[in-house]
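Each chain, written out:
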Amino acid sequence: MITENIAACVDALSSGELVSFPTETVYGLGARADSPEAIARIFQAKDRPKDHPLIVHGPSAEKVFECAIDIPMYARVLSEFWPGPMSLILKRDVSSGPVCSQATGGQDSVALRVPGHDIALELLSRCDFLVAGPSANKFAHVSPTSAQHVIDEFGDELLVLEGGESYVGVESTIISCLGDTPKILRKGSITSVQISELLNIDESSLYEEDICDIKVSGNMKVHYAPRIPVFVFDHLEELEMYLSENEESNLAYLGFNDIVDKNISFKQIIQSNEELAHKLYGFFREAEDKECSQILVIAPSNIGLGAAINDRLSKASSEWRLKDV
Ligand code: TXA
Ligand code: MG
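Note that the structure is predicted; figures quoted are calculated from it, not measured. (Residues numbered from 1 in each chain as written. Chains lettered and ligands numbered in written order. Predicted model: local features only at pLDDT ≥ 70, side-chain atom pairs only at ≥ 80, totals over all residues. Heavy atoms only, no water.)

(A) Looking closely at the overall build of the protein chain. Assigned secondary structure in the protein chain consists of 10 helices and 15 strands. Taken against the 2.2 N^0.38 rule, which gives 20 Å for 325 residues, the C-alpha radius of gyration of the protein chain at 20 Å falls within 12% of a compact globule. Projected onto its principal axes, the C-alpha positions of the protein chain cover 60 × 50 × 30 Å. Looking at the protein chain residue by residue over its 325 residues, the buried ones come to 58%. Across the protein chain, the fraction of contacts at a sequence separation of at least 24, relative to all contacts at a separation of at least 6, is 67%. Of the roughly 13700 Å² that the protein chain leaves accessible, carbon and sulfur atoms contribute 48%. For the protein chain, the distance from the average site of its 27 positive side-chain charges to the average site of its 50 negative ones is 4 Å. (Helix = DSSP H or I, 4+ residues; strand = E, 2+ residues; numbered from the N terminus. Rg over C-alpha atoms; globule rule 2.2 N^0.38 Å. Buried < 20%, exposed > 50% of the residue type's maximum accessible area, 1.4 Å probe, protein only. Contact = heavy atoms within 4.5 Å. Areas by Shrake-Rupley, 256 points an atom, 1.4 Å probe, with all protein chains shown as cover. Lys, Arg positive; Asp, Glu negative; His and termini not counted. Charge placed at Lys NZ, Arg CZ, Asp CG, Glu CD.)

Below, the structure written as structure tokens:
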């Protein structure tokens, strides 16, 4: 059920129930982070593997840092991006109880986030516990960017706090703060340029480490994927060539250039990377609802937010890849 009643959501969370809440990136599927029973409900609802850790949300840096230890100075500086679309991975304080080990998939680190969304912050500040919340979608499906998307995914039984469309539209930038220097594990709208400028460090150092054995969505082969094939093109000419050789009808197209083709039955033309990120997941879902045969997207240039979008496009299309973006 979609609701605007924040008090009812706080009550439901307090008693261990799941509540979906809005954020500026995507909607989360929340449960109190200190309760193994409540956390178990998240994994069950999502069909998510139990060793896949969740992001823990709170109303302020001060509050979320309470469940971490050995916080490096650079992580405290990075918290300037909060409230905002960034998650920091820190060493978990295993001796205290605000985050149970089930919430972190048994790891002794914890991903923390203070979302930049007024309604989310109001909800979180009224809770006397932290809220663990993955994106509110079934495991490996597209993240939801509206309350209705969450209902479409889980049914009307679930309480969903209305917060409008998520304005960023792609998941938070995840930064590991477990080493001497920060490492970006998942690209998002807080970019490597912003991070390196704030910390006064070399941008390339943010990516140096081999992150293959770290459990993060970005490392899974297929993720954020719609149920129909996604094809990504580097530029307009490449897409036009594809259309001229392709017989499929009922195609969906998302991109900067307007294209007229008899086989394209659903299209959205966007003007900026911000608009592309904002609309991407909603477009995927609408194309699914319309039972389009394929989704065709022209990739943005790989800078700033474009890099985060290309990361998601690459994952969404990995089963059906024509070529790398
Ligand atoms: O924007 C977002 O981050 C959204 C909103 C709801 O906050 N949340 C989100 O959660 O995208 P989720 O669970 O779909 O993705 C979180 C990713 C997972 O891939 C998980 O593996 C990684 O964060 N993660 C969480 N805790 C971690 C940890 N301790 N170490 C490494 N990766 C971690
Ligand atoms: Mg997710």
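Back to the text.
(B) Representation of the side chain of arginine 186. Position of arginine 186 relative to the elements: it lies in strand E11 (residues 183-186). Polar side-chain contacts of arginine 186 include one of 3.0 Å to the backbone oxygen of serine 172. (Polar contact = N/O pair within 3.5 Å; in protein donor to acceptor, adjacent residues only side chain to side chain.)

(C) Molecular detail of the pattern of salt bridges. Under the criterion given, the structure shown has 12 salt bridges. Between lysine 63 and glutamate 66 there is a salt bridge, with the nearest N and O atoms lying 3.6 Å from each other. Overall, lysine 63 belongs to the partly exposed group, its relative accessible area being 40%. Of the charged contacts in the structure, one is a salt bridge between glutamate 171 and arginine 312, with a shortest N-O distance of 2.9 Å. Pair noted here: glutamate 171 is in the loop between strand E9 (159-161) and strand E10 (173-176) and arginine 312 is in helix H10 (residues 305-316), with a separation of 141 residues, a long-range link. (Salt bridge = Lys/Arg side-chain N within 4 Å of Asp/Glu carboxyl O.)

(D) Up close: a negative patch on the surface. On the surface, Glu197, Asp202, Glu203 and Glu208 cluster together into a negatively charged patch. Here aspartate 202 shows up in the loop between helix H7 (192-199) and strand E12 (230-233). (Patch = residues over 30% accessible without salt bridge, like charges linked within 9 Å, V, L, I, M, F, W, Y side chains within 5 Å.)

(E) Representation of the packing of helix H9 (residues 273-289) against H10 within the structure. Where H9 meets H10, the closest approach of the two axes is 9 Å, and the angle between their N-to-C directions is 20 degrees. When the axes of H9 and H10 are compared, the pair comes out roughly parallel. Relative to H10, H9 is oriented so that their crossing is left-handed. Each of Asn273, Glu274, Leu276, Ala277, Leu280, Tyr281 and Phe284 in H9 lies in contact with H10, whose residues at this interface are Leu305, Gly306, Ile309, Arg312, Leu313 and Ala316. Of the residues assigned to the contact of H9 with H10, the class counts are nine nonpolar, two polar and two charged. (Axes fitted to C-alpha atoms, helices over the stretch in contact; angles between N-to-C directions. Parallel < 35°, antiparallel > 145°, perpendicular 65-115°, else oblique. Left-handed = near helix turned anticlockwise from the far one by under 90°. Nonpolar A, V, L, I, M, F, W, Y, C, P; charged D, E, K, R; others polar.)

(F) Fine view of the side chain of serine 172. One can find serine 172 in the loop between E9 and E10. Residue serine 172 is classed as buried on the basis of its relative accessible area, which comes to 2%. In this structure the side chain of serine 172 is engaged in a polar contact, spanning 2.8 Å, whose partner is the side chain of serine 87. Ignoring any residue separated from it by four or fewer positions in sequence, one finds serine 172 in contact with Thr25, Ile55, Pro85, Met86, Ser87, Arg113, Arg186, Lys187, Gly188 and Arg312.

(G) Just the nonpolar core, in detail. Within the largest apolar cluster, 47 residues are counted, with the highest numbers of intra-cluster contacts made by Ile39, Leu78, Leu88, Leu112 and Ile195. Elements that contribute at least two residues to this core include exactly strand E3 (28-32), helix H2 (36-46), helix H3 (61-65), helix H4 (73-78), strand E6 (86-92), strand E7 (109-113), helix H6 (147-154) and H7. If you look at the next biggest cluster of nonpolar residues, it comprises 28 residues, including Val142, Val170, Leu280 and Ile309. (Core = buried A, V, L, I, M, F, W, Y, C linked by side-chain atoms within 4.5 Å.)

(H) Quick look at unusual backbone geometry. For the bond running from tryptophan 82 to proline 83, omega is -10 degrees, close enough to zero to count as cis. Here proline 83 lies in the loop between H4 and E6. Positive phi, normally seen in glycine, also occurs at aspartate 70, with a value near 50 degrees. Its place among the elements puts aspartate 70 in the loop between strand E5 (68-69) and H4. Its identity is not glycine, yet asparagine 250 carries a phi of approximately 55 degrees, on the positive side. Inspection of the secondary structure assignment puts asparagine 250 in the loop between helix H8 (236-245) and strand E13 (251-255).

(I) Inspection of the packing of aromatic side chains at higher detail. Scanning the entire structure with this criterion turns up five aromatic pairs. Relative to tryptophan 82, the ring of phenylalanine 65 has its centre 5.7 Å away and its plane inclined at 50 degrees; by these criteria the two rings are tilted. One end of the pair, phenylalanine 65, is in helix H3; the other, tryptophan 82, is in the loop between H4 and E6, and 17 residues separate them in sequence. A single burial state applies to phenylalanine 65 and to tryptophan 82, both of which are buried. Three or more aromatic residues joined by ring pairs make a cluster, and in this case those are Phe231, Phe233 and Tyr242. (Phe/Tyr/Trp six-rings, centres within 6.5 Å; stacked < 30°, edge-to-face > 60°.)

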